[in-house]
Amino acid sequence: MITDTFPQGGQPQTRLIARWRQSADQHLTPTKRSLIVTWIAFGVTWGTVRIITHGIRGGWLPWGNISAGGRHLHHYNIGIATLAGVGLVAVRGDERAAGHPAVATAYGAGTALIADEFALLLDLQDVYWTRQGRLSVDVSIGILSVLGAYLTAVPFWHECARITRHHIASAAKQGLTAAT
């Protein structure tokens, strides 16, 4: 049985984070850790890009599109360059570098930058803001990101949920005990 004690003035969230780390050590191989980082980076990058593109188009961000020589650079160009860099790391074969969280983060972010403009790459027309293409891409990319992070390590996420429920119950029980 797991028991959590929270000393007077202690920080229960620190204990919870330590338990999550313990669960990760128990349930996640290095490959699964890299996959989780990749999927989370994909989701965060995709969401951030959506906000930035809407902000540029809506005029509520203080900057505009990126251009080189008067030509607009789409963010898929940055994604392709990022994946080329990740590919270079993989080709070199340095296991320590290949398994590094920064590589997984770059891979997820680069993939998101490309996937967000998939309709442009598919049709070779700038259809980024058309209604037909945007809704299906937005929904599917968001779902894929969450689903990928979940499916990568199902036992880990279930253990984190169990630990969190236990943590909350222990904190509530101690709160009730302290109040009596």
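Above this text sits the structure in question.
Below, the structure is looked at part by part. (Residues numbered from 1 in each chain as written. Predicted model: local features only at pLDDT ≥ 70, side-chain atom pairs only at ≥ 80, totals over all residues. Heavy atoms only, no water.)

Another point: helix H5 (residues 101-116). A rise of 1.5 Å per residue sets the reference length of H5, with its 16 residues, at 22 Å; its end C-alpha atoms lie 22 Å apart and thus fit the reference within 8%. Buried within H5 we find Val103, Ala104, Gly108, Ala109, Gly110, Ala112, Leu113, Ile114, Ala115 and Asp116. (Helix = DSSP H or I, 4+ residues; strand = E, 2+ residues; numbered from the N terminus. Expected span 1.5 Å × (residues − 1). Buried < 20%, exposed > 50% of the residue type's maximum accessible area, 1.4 Å probe, protein only.)

A word on the environment of His158. If you trace the backbone, His158 turns up in helix H8 (residues 154-179). Judged by relative accessible area, His158 falls into the partly exposed class, the value being 45%. Each C-alpha atom of the pair His158 and Ser23 lies 9.9 Å from the other, and the pair is 135 residues apart in sequence.

This brings us to a nonpolar patch on the surface. Nonpolar side chains collect at one region of the surface, where Ile66, Leu73 and Ile78 lie side by side and expose about 250 Å² of accessible area between them. Here Ile78 lies in helix H3 (residues 75-92). (Patch = residues over 30% accessible without salt bridge, like charges linked within 9 Å, V, L, I, M, F, W, Y side chains within 5 Å. Areas by Shrake-Rupley, 256 points an atom, 1.4 Å probe, with all protein chains shown as cover. Salt bridge = Lys/Arg side-chain N within 4 Å of Asp/Glu carboxyl O.)

Inspection of the entire model under this criterion finds 3 salt bridges. Here Arg33 ties to Asp25 by a salt bridge, and the two come within 2.6 Å at their closest N and O atoms. One salt bridge in this structure joins Asp116 and Arg50, with 3.1 Å as the shortest N-O distance. Of this pair, Asp116 sits in helix H5 while Arg50 sits in helix H2 (residues 30-58), and the two are 66 residues apart along the sequence. Per residue, the accessibility class of Asp116 equals that of Arg50, and both read buried.

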